[in-house]
Amino acid sequence: ASGVAEHSSVALDSALSATATDFTTAMPTELLAFADQGNNLAGKFFQGSLPPYLAFLYFLSYEKNQTPPLMKFGFSYLLLFVFATIPTGVISKTQFS
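Here's a quick rundown of the structure. (Residues numbered from 1 in each chain as written. Predicted model: local features only at pLDDT ≥ 70, side-chain atom pairs only at ≥ 80, totals over all residues. Heavy atoms only, no water.)

**Looking at the overall build of the protein**
Test applied: Starting at the N terminus, helices and strands are each numbered in turn, a helix being any DSSP run of H or I of at least four residues and a strand any DSSP run of E of at least two. The rule is simple: take the accessible area with a 1.4 Å probe, protein chains only, and divide by the maximum for that residue type; under 20% is buried, over 50% is exposed, in between is partly exposed. Areas reported here follow the Shrake-Rupley algorithm with a probe of radius 1.4 Å; residue values treat only the protein chains shown as occluding.
Of the regular secondary structure elements, the protein holds four helices and zero strands. Overall, the protein shows an N-to-C arrangement of helices and strands of α-α-α-α. Residues counted as buried form 4% of the 97 residues belonging to the protein. A total accessible area of about 8,300 Å² is found for the protein, and carbon and sulfur atoms account for 70% of it.

**What about the packing of aromatic side chains?**
The condition is simple: Each aromatic pair joins two rings of Phe, Tyr and Trp (for Trp, the six-membered one) with centres within 6.5 Å, and gets the label stacked for planes under 30 degrees apart, edge-to-face for over 60, and tilted for any other angle.
In this structure the tally under the stated criterion is four aromatic pairs. An aromatic cluster of three or more residues is present, and its members are Tyr53, Phe56 and Phe75.

**Notes on unusual backbone geometry**
Despite not being glycine, glutamine 66 shows a phi value in the positive range, around 55°. Counting through the fold element by element, glutamine 66 comes out in the loop between α3 (38-60) and α4 (69-96).

**Quick word on the side chain of threonine 67**
For the record, the criterion: We define a polar contact as two N or O atoms separated by no more than 3.5 Å, with the added condition that, inside protein, one atom must be a possible hydrogen donor and the other a possible acceptor, whereas residues neighbouring each other in sequence contribute only through side-chain atom pairs. Should any heavy atoms of two residues lie within 4.5 Å, those residues are counted as being in contact.
Along the polypeptide, threonine 67 turns up in the loop between α3 and α4. Of the polar contacts made by the side chain of threonine 67, one reaches the backbone oxygen of leucine 60; its length is 2.9 Å. Apart from the residues lying within four places of it in its own chain, the contact partners of threonine 67 are Leu60 and Lys72.

Quick look at the structure:
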């Protein structure tokens, strides 16, 4: 019985590795081309999300909302963190490509 289990395990491993290899080589180029466009969309999504977030910060700081100061600081610091990651991402991409 153990010989059958070993044989089926080897057959399964070879089938899985063959399937993985076939999948990457047989993938249509249209799908691979779309994967390349993800980085371009990220910039557009960031630009599109910036005005609503700035409006959110503006209305968050509106005095009648009685937002706690720590909460205002946290959301503002999040925006600072996002802006700080842009140059560091560019620098790391150029240095380590």
